[in-house]
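Okay, here's what each chain looks like letter by letter:
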Amino acid sequence: MVITFSLIFGVVVGAIIFLTFVIPAIMAVKRNEKGAAPRKISYGVLGLLVINWLLFLTGSYALLPLNIAERIFTPVWLVLCVAGVFVAAYEFKNNKGFAIPVAGLTTISFLFSILASGISKM
C-alpha cells in the first residue's frame, strides 16, 4: 500500500485543525476564565487570514489576470503567515484561547502556501 504525499498532508492538516479548534474550545469551557481581550490588530490579522481563505476557496484569484495573480498570491499568503506568527506569539502571553486558533490557521496557511508554491513550480 502506497501512502501519497497528499494523504500525509491531509492527515497533518486534519490534526492541526483538530488541535487548534477543538482542544481550545474544550479548554475554554472547562476553565471559563476571563482573560485580557485580544488587541484590534489581532482581530485584523485573523480577519485577513479568513478573508484570504474565502477569496481562495471561492476562486476570486482566478478572476485576476494571470500575471497579477501569480505576483500577489504567494506573497500575500506569506505576509499573512508572518503577521499571524507575530500575533499568535503576542496573544499567547495575554489570551491563549485566541492565540491557539490564530496559530493553527497561520500554520495551515503556511503549509498550504508552501504546497501551492511547489505545485506552481512543477
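Everything below is about the structure printed above this text.
Residues numbered from 1 in each chain as written. Predicted model: local features only at pLDDT ≥ 70, side-chain atom pairs only at ≥ 80, totals over all residues. Heavy atoms only, no water.

Visitor: With reference to specific residues and values, describe the layout of surface pockets.
Guide: One way to see where empty space is left: roll a probe the size of a water molecule over the atoms. Reported here for the second largest pocket is a volume of approximately 260 Å³. Lining the second largest pocket are Phe56, Leu66, Ala69, Glu70, Phe73, Thr74, Phe112, Ala116, Ser117, Ile119 and Ser120. Mapped onto the lining of the second largest pocket, the elements with two or more residues apiece are helix 3 (66–94) and helix 4 (96–120). Within the lining of the second largest pocket, the residues separate by chemical class into seven nonpolar, three polar and one charged. (1 Å grid on protein atoms, 1.4 Å probe; cavity = no way out; pocket = protein on both sides within 12 Å on 5 of 7 lines; lining within 4 Å. Points joined across faces, edges and corners; volume = space filled by probe spheres on them. Helix = DSSP H or I, 4+ residues; strand = E, 2+ residues; numbered from the N terminus. Nonpolar A, V, L, I, M, F, W, Y, C, P; charged D, E, K, R; others polar.)

Visitor: Explain the packing of aromatic side chains to me, using residue names and the numbers behind them.
Guide: Taken as a whole, this structure holds 10 aromatic pairs when the rule is applied. Aromatic pair Trp53 and Trp77: ring centres 4.8 Å apart, planes at 90°, arrangement edge-to-face. Residue Trp53 is found in helix 2 (residues 40–58), and its partner Trp77 is found in helix 3; the two are separated by 24 residues along the sequence. In this pair, the class of Trp53 matches that of Trp77, namely buried. Where Tyr61 meets Phe73, the ring centres are 5.2 Å apart and the plane angle is 90°; that geometry is what we call edge-to-face. (Phe/Tyr/Trp six-rings, centres within 6.5 Å; stacked < 30°, edge-to-face > 60°. Buried < 20%, exposed > 50% of the residue type's maximum accessible area, 1.4 Å probe, protein only.)

Visitor: An account of a nonpolar patch on the surface is requested, with residue identities and associated values reported.
Guide: On the surface, Leu64, Ile68, Ile72 and Val76 cluster together into a nonpolar patch covering about 260 Å² of accessible area. Here Val76 is to be found in helix 3. (Patch = residues over 30% accessible without salt bridge, like charges linked within 9 Å, V, L, I, M, F, W, Y side chains within 5 Å. Areas by Shrake-Rupley, 256 points an atom, 1.4 Å probe, with all protein chains shown as cover. Salt bridge = Lys/Arg side-chain N within 4 Å of Asp/Glu carboxyl O.)

Visitor: Lay out the packing of helix 2 against helix 4 with the relevant residues and their values.
Guide: Viewed as axis vectors pointing N to C, helix 2 and helix 4 meet at an angle of 40°, and their least axial separation amounts to 11 Å. The chirality of how helix 2 crosses helix 4 is left-handed. Residue-level inspection shows Ser42, Tyr43, Leu46, Leu49, Val50, Trp53 and Phe56 of helix 2 in contact with helix 4, the latter providing Phe98, Val102, Leu105, Thr106, Ile108, Ser109 and Phe112. Considering only residue class, the contact of helix 2 with helix 4 consists of 11 nonpolar, three polar and no charged. (Axes fitted to C-alpha atoms, helices over the stretch in contact; angles between N-to-C directions. Left-handed = near helix turned anticlockwise from the far one by under 90°. Contact = heavy atoms within 4.5 Å.)

Visitor: I'd like a rundown of the packing of helix 3 against helix 4, residues and numbers included.
Guide: It is the contact of helix 3 with helix 4, at a shortest axis distance of 8 Å, that shows an interaxial angle of 155°. Relative to helix 4, the element helix 3 is oriented roughly antiparallel. Relative to helix 4, helix 3 is oriented so that their crossing is left-handed. Residue-level contacts link Phe73, Trp77, Leu78, Cys81, Gly84, Val85, Val87, Ala88, Glu91, Phe92 and Asn94 of helix 3 to Lys96, Phe98, Ala99, Ile100, Val102, Ala103, Thr106, Ser109, Phe110, Phe112, Ser113 and Ala116 of helix 4. Along the lines of polarity and charge, the residues of the contact of helix 3 with helix 4 split into 16 nonpolar, five polar and two charged. (Parallel < 35°, antiparallel > 145°, perpendicular 65-115°, else oblique.)

Visitor: Residue-level account of the nonpolar core, with values.
Guide: One finds Leu49, Trp53, Phe73, Trp77, Val102, Ile108 and Phe112 to be the most contacted residues of the largest nonpolar core, which totals 18 residues. Broken down by secondary-structure element, the contributors of at least two residues to this core are helix 1 (5–31), helix 2, helix 3 and helix 4. Take this core: its biggest share by element is six residues, from helix 4. Not counting residues within four places of it along the chain, the set of residues in contact with Phe112 comprises Phe9, Trp53, Phe56, Phe73 and Trp77. (Core = buried A, V, L, I, M, F, W, Y, C linked by side-chain atoms within 4.5 Å.)

Visitor: Can you explain the side chain of Glu91? Please cite residues and give values.
Guide: In this fold, Glu91 is placed in helix 3. No salt bridge forms around the buried Glu91; measuring N to O, its nearest opposite-charge neighbour Arg39 is 5.7 Å away. Here Arg39 takes part through its backbone nitrogen, which lies 3.1 Å from a polar atom of the side chain of Glu91. Not counting chain neighbours up to four residues away, the residues in contact with Glu91 comprise Pro38, Arg39, Ser42, Lys96, Phe98 and Ala99. (Lys, Arg positive; Asp, Glu negative; His and termini not counted. Polar contact = N/O pair within 3.5 Å; in protein donor to acceptor, adjacent residues only side chain to side chain.)

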